Amino acid sequence: MELDKMVNGHCEKRSEEDGFDCLENVAEREEFLSKKTNDKNKTEFTDFVGKTSFGMSIFNLSNAIMGSGILGLAYAMSNTGIILFLILIVLIAILSAYSIHLLLKSAGVVGIRAYEQLGYRAFGSAGKILAACVITVHNIGAMSSYLFIVKMELPSVIKGLLDKETNSEWYVNGGYLIIIVSISVILPLALMRHLGYLGYTSGFSLTCMIFFLVAVIYKKFVTLCSMESFSISTNTTAMPHLTTTHTPTNYTHSNTCEAKLITLTPQAAYTIPILAFAFVCHPEVLPIYTELKNPSKKRMQNVANISILAMFVMYLLTAIFGYLTFYGAVNDELLKSYSTDDTLMLCVRLAVLVAVTLTVPVVLFPIRRAVQQLLFPDKPFHWARHIAIAMVLLTLVNILVIFVPDIRDIFGVIGATSAPSLIFILPGIFYIRIVPEEQEPLKSRPKIQAAMFAALGFIFMVMSITSIIIQWVAGDSSVRGH
């Protein structure tokens, strides 16, 4: 098959071996290009020559997708039913892959792989500021959610490992622990110059989450549903391999052990924000593309597709087996549903803590890049600035996590605003504005699809925010983040 290649505004035939498509070869503004290759108007990315392998790029992007939202998926399924949840997660995964396609197409026109530069090319300085602010707000929310897990879960893990109950010692104080973790683990990794170096830690983080998934599947077959446990409680000692569940305060016996195919509860309002937040990796896509070895749009799209598919499988299995273990009694954070005396789940909690801790540096990179694009757009790389930005960001997030007792509602708003913006709205409108009309008129099918895509994101945002506000008014503010 042959692809069209752009020369002087027209597409000439060229073999597919070149790895460029027509849109990627549109003539660029000089400020985005440093040179032309072989006297032809090929897209010349000027930001960095990547050295990260295909596999390491998949690890990094998968780790960027994987977040604390996985702990809330079983709860989301319990509020929508299996079939409706399946429809929603398939839809969000496909739309997420399509939005990455729009980003990569737009990056091919701009000539630099930075979300903020897409905003600049589309809407000038206002677009650049908007993109940087959305990325910063979203990723700070994600980092905070990870460190909140460390703050809440690490003291319990330490108590379990020491086999003693104490709340007075400094080493079970969540505030002290996140500072120690931030300084000893997160900061050194965040000081890496290039995101590609984190491929090994990302791979280990994913291994920890696979262990979590295996444990969730195993527990389905050895854990008694809450309602069933009452009827055979006298036989529990005779069957020590069977464990009982923790029952949430809103527990009702009528639907505890019955799987719902389709249902809608008031808490279903959080399903779309949870799913959207769970698949957001878009701030990391272009930095990973920048550092990809032998980069091309097709190669990076394959990285994205494989990463999204892998996380889709993990998300779906976690939701199904978590839900079918506890049914209507599942907690909004899955780990809370398991007994704190369970040795296996203690190890799982530790694995999840390691996974979310190693994810924080990956999430920090796009924020630092956004800050540099806003405040130091023309400055060359400098270690002092690189380190200072990382330290300031970590300090701010630590202060937020330590002194704000409950920011679940803030996460709900972030999930309902920044996630639809990053997945749907910004990629759609950037594509419409960046791709030249002489190549794709406004009434062309790709641009109509992009417009509908952005509109869908706006609808999701309005529906999610409205539903969450209604829940707040009703007094139920049970929200989960990324």
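Please refer to the structure higher up on the page.
Residues numbered from 1 in each chain as written. Predicted model: local features only at pLDDT ≥ 70, side-chain atom pairs only at ≥ 80, totals over all residues. Heavy atoms only, no water.

(A) Up close: the overall build of the protein. Per the secondary structure count, the protein includes 14 helices and 2 strands. For the protein, the proportion of its 482 residues judged to be buried stands at 56%. Across the protein, contacts joining residues at least 24 apart in sequence account for 80% of those joining residues at least 6 apart. Roughly 20600 Å² of accessible area belongs to the protein as shown, and the carbon and sulfur atoms make up 64% of that amount. (Helix = DSSP H or I, 4+ residues; strand = E, 2+ residues; numbered from the N terminus. Buried < 20%, exposed > 50% of the residue type's maximum accessible area, 1.4 Å probe, protein only. Contact = heavy atoms within 4.5 Å. Areas by Shrake-Rupley, 256 points an atom, 1.4 Å probe, with all protein chains shown as cover.)

(B) Up close: the packing of helix H11 (residues 343-375) against helix H12 (residues 383-403). Interaxial distance between H11 and H12 falls to 10 Å at its minimum, and their mutual angle equals 115 degrees. H12 is crossed by H11, and the crossing has right-handed handedness. From H11, Leu-364, Ile-367, Arg-368, Val-371 and Gln-372 reach across to H12, where they touch His-386, Ile-389, Ala-390, Leu-393 and Leu-394. Residues of the contact of H11 with H12, tallied by class, amount to 7 nonpolar, 2 polar and 1 charged. (Axes fitted to C-alpha atoms, helices over the stretch in contact; angles between N-to-C directions. Left-handed = near helix turned anticlockwise from the far one by under 90°. Nonpolar A, V, L, I, M, F, W, Y, C, P; charged D, E, K, R; others polar.)

(C) Highlighting the nonpolar core. If you look at the biggest cluster of nonpolar residues, it comprises 128 residues, and the most contacted ones within it are Leu-61, Phe-85, Tyr-115, Phe-212, Phe-279, Met-300 and Tyr-315. Setting aside anything within four residues of it in sequence, one finds Tyr-115 in contact with Leu-103, Ala-131, Ile-135, His-282, Pro-283, Leu-286, Ser-421, Leu-422, Leu-426, Pro-427 and Phe-430. (Core = buried A, V, L, I, M, F, W, Y, C linked by side-chain atoms within 4.5 Å.)

(D) Broad picture of a nonpolar patch on the surface. There is a patch of nonpolar side chains on the surface, built from Ile-83, Ile-87, Leu-261 and Ile-262 and spanning about 390 Å² of accessible area. Among the secondary structure elements, Ile-262 is positioned in the loop between helix H7 (226-231) and helix H8 (271-279). The class of Ile-262 is exposed, set by a relative accessible area of 58%. (Patch = residues over 30% accessible without salt bridge, like charges linked within 9 Å, V, L, I, M, F, W, Y side chains within 5 Å. Salt bridge = Lys/Arg side-chain N within 4 Å of Asp/Glu carboxyl O.)

(E) Highlighting the pattern of salt bridges. Under the counting rule described, the total for this entry stands at 2 salt bridges. For Glu-153, the salt bridge goes to Arg-349, with nearest N and O atoms at 3.3 Å. Here Glu-153 is found in helix H4 (residues 115-162), whereas its partner Arg-349 is found in helix H11, with 196 residues between them in sequence. We classify Glu-153 as buried; its relative accessible area is 9%. Residue Asp-342 is joined to Lys-219 by a salt bridge in which the shortest nitrogen-to-oxygen separation is 2.2 Å. Of the two residues, Asp-342 is situated in the loop between helix H10 (297-326) and H11 and Lys-219 in helix H6 (residues 199-222); the sequence distance between them amounts to 123 residues.

Nothing here speaks to function; it is all geometry.
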